[in-house]
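What the coordinates show
Chain residues, written in single-letter form:
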Amino acid sequence: MAVRKSTTSKAVPAPEKKAAPQKKAAPQKKVAPQKKSAPEKKGQRPAVRPDESAWTAVELRDIEHELRQDASRLAGELVAAEVGLADLIRDSGDGAGDDQADAGSKTFEREHEMSLANNARDMLQQVEHALGRLANGTYGACETCATPIGKGRLQAFPRATLCLSCKQAEER
Ligand SMILES: [Zn+2]
């Protein structure tokens, strides 16, 4: 009564790995039931000066692209400056044996690094502010006098929030 249970002959057929003539073409991005990414504000293009042509979608995309590039560059600079600053501050702890000149140059370095960080932070803020304005439809209008900043000026200086004359007045 050998109920030889054959454990071996039950051989599960090796998982056939063959049925793959179907190269899955890049996981099809489901044409998602569109989350409307920011309802397109048509007819909400930034104002231009009387002698300028209206903004085109491409021009606006370029502006946005440039601002985003600036933002990531500045964010990188900011991090680098902050790291540098942290290093300097840490190192200044063991400056016991420094003579005055060393101490002075360390202070200078620290101030320099700090001003780099502050600059990057300020500019990053301006860029983010401009992106915000681009998103909410206020881009292109002077924040002081509300007249159009001008396409030419914005293309040269995408994060501008003041028209040239207000900017000059501010600097005076
Ligand atoms: Zn103005």
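Located above this text is the structure these notes cover.
Here is a short report on the structure shown in this document. If you're wondering where the values come from, they're calculated on a predicted model, not measured in any experiment.

This part takes up the overall build of the protein chain. Summing up its helical and strand segments, the protein chain has four helices and zero strands in all. Within the protein chain, the fraction of its 172 residues that count as buried is 13%. Sequence-distant contacts in the protein chain: of pairs separated by 6 or more residues, those separated by 24 or more amount to 61%.

Turning our attention to helix 1 (residues 57-91). Between its first and last C-alpha, helix 1 extends 51 Å over 35 residues, near the 51 Å set by a 1.5 Å rise per residue. Of the residues making up helix 1, those classed as buried are Ile63, Leu67, Leu74 and Ala81. Close packing links the buried residues of helix 1 with helix 2 (100-136) and helix 3 (151-156).

So, about helix 2. Spanning 37 residues, helix 2 covers 53 Å between terminal C-alpha atoms, matching the ideal 54 Å at 1.5 Å per step. Its buried side turned inward, helix 2 meets helix 1.

Of all hydrophobic cores here, the largest spans 14 residues; its most connected members are Val127 and Ile149. Among the elements of the structure, helix 1 and helix 2 are those that each provide at least two residues to this core. The contacts of isoleucine 149, once residues within four sequence positions are left out, are Gly140, Ala141, Cys142, Leu154, Ala160, Leu162 and Cys163.

Turning our attention to the packing of helix 1 against helix 2. Packing of helix 1 against helix 2 brings their axes to within 8 Å, and their N-to-C directions diverge by 155 degrees. As far as their axial angle goes, helix 2 and helix 1 are roughly antiparallel. In this structure, helix 1 meets helix 2 at a crossing whose hand is left-handed. Its residues placed into classes, the contact of helix 1 with helix 2 shows 20 nonpolar, one polar and ten charged.

Scoring rules and cut-offs
- Residues numbered from 1 in each chain as written.
- Predicted model: local features only at pLDDT ≥ 70, side-chain atom pairs only at ≥ 80, totals over all residues.
- Helix = DSSP H or I, 4+ residues; strand = E, 2+ residues; numbered from the N terminus.
- Buried ≥ 20, exposed ≤ 12 C-beta atoms within 10 Å, placed from the backbone.
- Contact = placed C-beta atoms within 7 Å.
- Expected span 1.5 Å × (residues − 1).
- Core = buried A, V, L, I, M, F, W, Y, C linked by C-beta atoms within 7 Å.
- Axes fitted to C-alpha atoms, helices over the stretch in contact; angles between N-to-C directions.
- Parallel < 35°, antiparallel > 145°, perpendicular 65-115°, else oblique.
- Left-handed = near helix turned anticlockwise from the far one by under 90°.
- Nonpolar A, V, L, I, M, F, W, Y, C, P; charged D, E, K, R; others polar.

Geometric values such as these leave the question of function open.
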